[in-house]
Each structure stands twice: as structure tokens, then as C-alpha cells.
Amino acid sequence: MLEILPKILLYKMNRKFGFPRIMPMNYTLSLLYTCNSRCKTCNIWKKEAKNLSVSEIEYTFSKIGKAPYWVTISGGEPFLRKDLPEICKVIYRNSHPAILNIPSNGILTNQIVKFVDQITDNCPKTQIIINLSIDGIEEQHDKIRQIPGNYKKVVNTYNKLKKLKKKNLSIGIHTVISKFNVKDFSYIANTLMEKNPDSYITEIAEERNELDTMNSDITPDQLSYRSAIDFLIHRIKNGKFKGMNKITQGFRIEYYNLVKSILRDKKQVIPCYSGIASAQISPDGDIWSCCIKANSLGNLRNHDYDFKRIWFGRRAQKERKTIINKECYCPLANASYTNMLMDIPTLIRVFYRSFIKWWS
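So, here is what we can say about the structure in this document. A quick note: this is a predicted structure, and the numbers were derived from the prediction, not measured.

1. Here's the deal with the environment of Met214
Inspection of the secondary structure puts Met214 in the loop between β6 (199–204) and α8 (222–237). For Met214, a relative accessible area of 38% puts it in the partly exposed group. Note: C-alpha distance between Met214 and Lys152 (62 residues apart in sequence) is 30 Å. Other than its neighbours up to four places away in sequence, Met214 contacts Glu207, Arg208 and Asn209.

Okay, here's the thing in C-alpha cells:
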């Protein structure tokens, strides 16, 4: 993480003055909309796209170069792509990201374990994070995901992945807090944390164009979310963490408090760097500043797969202005962690909590 600190000033200057021109450090590559879950909090499986091929992805990242620090490979369900190990390999070969994060519903146990084994071997100097989605315990998870037996399958996947014991592999558990599980969250979190994942993270269910959930009734109310997340914050503050994990948990606390503030104030609480420090590539090659708005800044196929031409183009400049003017707000986790890195007060609080007064 220390290697990205010098870039913070450059991103802050870009947001304030429009220069220097700098590429994002946080990339999300959505490989497909297809999914083998039918979650109540997501309708992405209803969408269609002509997915980017391995060669198109390699050509794109060869032009992006070494800019990425963090790459998230999302879907749909990423492990439905039979060429996923090859996709990770070409990203690693061209960009050498420090972190490669892949979320999954955990249903395809054997394929997931096989692919993760290959990915960790093919990307030896990158930290591979597999986040398995679990939104409830036993039948509650199956009802939310609307797939019978999903819970047993994802737990089986978790157990088999833990047995791989690769040095560059972390296995996390991810829970989407929605109106369908918010009242049971303390029980869910306690049960899942007892499995000792390398990380346990949550994200609030929200309306996203990418997920086709606009105007859906899935987001918990402010008071219910606050009650649920305060329980988790208490667990984190009373946990015993060492080294980088203390810093990570410090950022987790900041994110959860940020979401509470956004739900309460309904505005950008800290400056957003989507369109500056973070970007998303859709399955069919559209470049977005973020997946909430999912406004196309241009398509890779129409610009010779040159990400920079799109990123520094007029549409992107116009999009950045709307974000900087705070015409939108959201608690999107991926972008929020990048935003917190750019926010000096947040960094001071994380430093204070991690190295001076963890229990405060």
C-alpha cells in the first residue's frame, strides 16, 4: 500500500485542476452478465452482452500498462468463464497488479478450486483475493439467492479453497446487507466470522444500473442498517489484529461509518474519485466511471482498445465534472475504499486507530 501514497497528491491535483493526466489505479473488469444465481438483490442475469474475448482483454491491458494497483474481476459469476485463468494471466503479464480480487457465489465448487489453483500459480507476485458471497445462514441464504442448496455449496467451496494454502491467496466472505437479512445480521456475521475467513466484509444493497436494480426495494432503512453495522464495528474494535490487518480493519470501520453518513445525509460525504482514480470496464467493452450510473464514456472496440483515448476524452471530462460537482452520491464499496485513500482526514483516523489507539 505504501507505494501508492505518492500518487495520492497527483489524483488530488487532477480532481482540483484537471492535471496532471493520470491513469486510474483501481479497475473493475466485468467479464459477463451471465449468472447461475437469481438473487433478490440483483437482476444482472437478465442482461446480455457480447463479452470481450481474452485477446481483446490482453490488448486492452497491454495499452493500460502498469497503472493498475487493484483489479477486481466481476460478473455475473466470473467462474462461468472457462477462460478465467487465462484472463487473469494476461492481466498479470501486462499490468502486474498488486491485488487481484474475484467475487463469486461459490456454487461451482470444483471449477472454482481448480481455477483458483491455476490463477495463484500464474500470478505469483499478486495477492489473489477470492470473496465468497454469503447473505444468510442455511435456508435464509438459499431464499435470498433463490438457488436450493447454495449455502451448502458455497461453504464446501470455502473449505476446499482454504485447503489450497497458497501464500498469495486470501479467502474472504462477503455479505450484502439488504432488507431481506438486516434484522438477522448479528447472527449471520457471528456465524460466518466463526469460520475464520481471511477477511469478512459487507456491502449495503443498493440501486445500480449495472445490476438492473433501479427503483427496487432492496436497501435497508437507515436505522436498521445502523443497528446492524454498529454490531460489526464493535466486533472489529474488540478484535485482535496485527500488522497490515490492523490498517485494513481501520478502513473497514471508516467505510461502515461512511455508509451510515451517506444514508443519513444523502450526499457525497467525502470527495468521490470515480472517473479519476477508479474505473470499470463492462462485458462488452464500455468504459464507465462507476457501475452505479453506468454511463458509457466510450467503447474499447470503437477506439482500438485504447483505454487512454476514452479516459481522457470529452465524454469522460464531462462525466468527471458531474461527480466533482457532487451531482451524485452512493455507498459503492469498491469506489469508496479508493475515495478514503484520497481523503486526508480518513487516513489520519485510520493511522490513529491502527497505531495509537486501536480500541478507541
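2. Notes on the pairing of strand β7 (residues 278–281)
Residues of β7 alternate between two faces, with Ser278 and Gln280 on one and Ala279 and Ile281 on the opposite face, all of them buried. In this structure, strand β1 (residues 26–30) lies alongside β7, joined through four bridges in parallel fashion. Within the sheet, the bridge partner assigned to Asn26 lies in β7 and is Ser278. As judged from the two bridges shared by β7 and strand β8 (residues 287–288), these two strands associate in the antiparallel manner. What sits directly across from Ile281, in β8, is Ile287. What sits between β7 and β8 in their antiparallel hairpin is a turn of five residues, with Gly285 showing a positive phi close to 100°.

3. Description of the environment of Glu210
Locating Glu210 in the fold gives a position in the loop between β6 and α8. Sequence separation between Glu210 and Thr126 is 84 residues, and the spatial gap between their C-alpha atoms is 27 Å. Those residues in contact with Glu210 that sit more than four places away from it in its chain are Ser30, Ile44, Lys47, Gly75, Gln280, Trp288, Cys291 and Ala294. A distance of 2.9 Å separates polar atoms of two side chains, one belonging to Glu210 and the other to Gln280.

4. A few points about the sheet that holds β8
Spatial ordering of the open sheet is given by β6-β5-β4-β3-β2-β1-β7-β8, a layout of eight strands whose pairing is mixed. What marks the edges here is a single partner per strand, and that holds for β6 and β8. Pairing between strand β4 (residues 127–133) and strand β5 (residues 169–177): six bridges, direction parallel. Opposite Ser133, over in β5, you have His174 as the bridge partner. Packed onto the sheet, helix α3 (residues 84–95) meets β1, β2 (70–74) and β3 (99–104) and runs at close to 160° relative to β2. Sheet strands in contact with α8 are β5 and β6, and its direction is about 165° off that of β6.

5. A look at helix α6 (residues 150–162)
Here α6 is 13 residues long and its end C-alpha atoms lie 18 Å apart, about the 18 Å a rise of 1.5 Å per residue gives. Looking at α6, one finds that the buried residues are Asn150, Tyr151, Val154, Val155, Thr157, Tyr158 and Leu161. All buried residues of α6 lie within an arc of 155° about the axis, which places them on one face of the element. Looking at the buried positions of α6, the neighbouring elements they touch are α4 (109–122), β4, α5 (139–145) and β5.

Criteria and thresholds
- Residues numbered from 1 in each chain as written.
- Predicted model: local features only at pLDDT ≥ 70, side-chain atom pairs only at ≥ 80, totals over all residues.
- Heavy atoms only, no water.
- Helix = DSSP H or I, 4+ residues; strand = E, 2+ residues; numbered from the N terminus.
- Buried < 20%, exposed > 50% of the residue type's maximum accessible area, 1.4 Å probe, protein only.
- Contact = heavy atoms within 4.5 Å.
- Pairing = 2+ DSSP bridges.
- Polar contact = N/O pair within 3.5 Å; in protein donor to acceptor, adjacent residues only side chain to side chain.
- Axes fitted to C-alpha atoms, helices over the stretch in contact; angles between N-to-C directions.
- Expected span 1.5 Å × (residues − 1).
- Arc of directions from axis to C-beta.

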